[in-house]
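# Structure at a glance
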Amino acid sequence: MAAAEQHLNEAGTDRPAWCAWVSEADLAVDSGQALLDLGDTARAHQLITEGERLLPAARDKTRGVFLTYQAASYLDLKEPEPAAAAATESLLLARRTGAPRCVSLVEALLPRFQPYARAQGVPELFQLAAA
């Protein structure tokens, strides 16, 4: 992943069309998602958070997707409170912007919140998802 990031940075604005859309935010979050899949949740969480911060406001639908990745990362770390906050923010954003993919991603995370049903923010997330 480090080599791919280096090559992408070296290409600058001369990137091939198939990857011209990749921003620093996309790269950070996609790298974080890959690390989540590999079980490196601590580093994944850092990259996803970084990518979410770098994302411009004009890409709110993408921000919603990033927030679901962040929620999953927190759940992997057994931190339900920030996971619920990220999932709630994603769901609210998805409903406001009309992003069904984000809604689906949050709904897919809901079973992982069951063991934490009494944790701060989780009951509110369940209520929001049911509404």
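These lines cover the structure that appears in this document, whether it is placed above or below. The structure displayed is predicted, hence computed values, not measured ones.

With that settled, the discussion passes to helix α6 (residues 100-113). The end-to-end C-alpha separation of α6 is 20 Å, in line with the 20 Å expected for 14 residues at 1.5 Å each. Listed as buried for α6 are Cys 102, Val 103, Val 106, Leu 109, Leu 110 and Phe 113. Looking down the long axis of α6, one finds its buried residues gathered within 130 degrees of arc, a one-sided arrangement. Residues of α6 that are exposed and point over 90 degrees away from its buried face: Pro 100, Arg 101, Ala 108 and Pro 111. Those residues of α6 that are buried lie in contact with α4 (60-76), α5 (80-97) and α7 (122-130).

Once that is clear, we can look at helix α2 (residues 24-38). Given a rise of 1.5 Å per residue, 15 residues ought to cover 21 Å, and the 21 Å separating the end C-alpha atoms of α2 matches this to within 8%. Every buried residue belonging to α2 is among Ala 25, Asp 26, Leu 27, Ala 28, Val 29, Ser 31, Gly 32, Leu 35 and Leu 36, and all of these are buried. Residues of α2 that are buried in the fold lie against α1 (2-11), α3 (41-54) and α4. At the N-terminal boundary of α2, the capping side chain belongs to Ser 23, with an oxygen 3.2 Å from the backbone nitrogen of Ala 25.

Rules used throughout
- Per chain, the residues get numbers from 1 upward, laid out in the order the sequence is written.
- Since the coordinates come from a predicted model, pLDDT governs what is reported: local features require at least 70, and pairs of side-chain atoms require 80 or more to be given and counted, while whole-chain, interface and lining totals use all residues.
- Working from all heavy atoms in the structure, the side-chain values ignore hydrogens and water.
- The secondary structure listing takes helices from DSSP runs of H or I that are at least 4 residues long and strands from runs of E that are at least 2 residues long, numbered from the N terminus.
- By this rule the span expected of a helix is its residue count minus one, scaled by 1.5 Å.
- Exposed residues in this analysis have more than 50% of their type's maximum accessible area, buried residues have under 20%, and partly exposed residues fall in between, with area computed by a 1.4 Å probe over protein chains only.
- Throughout, the arc means the angular range of directions from the helix axis out to the C-beta atoms.
- It only takes one pair of heavy atoms within 4.5 Å for two residues to be counted as in contact.
- Here a polar contact means two N or O atoms within 3.5 Å. Within protein one must be a hydrogen donor candidate and the other an acceptor candidate, and residues neighboring in sequence count only if both atoms are side-chain atoms.

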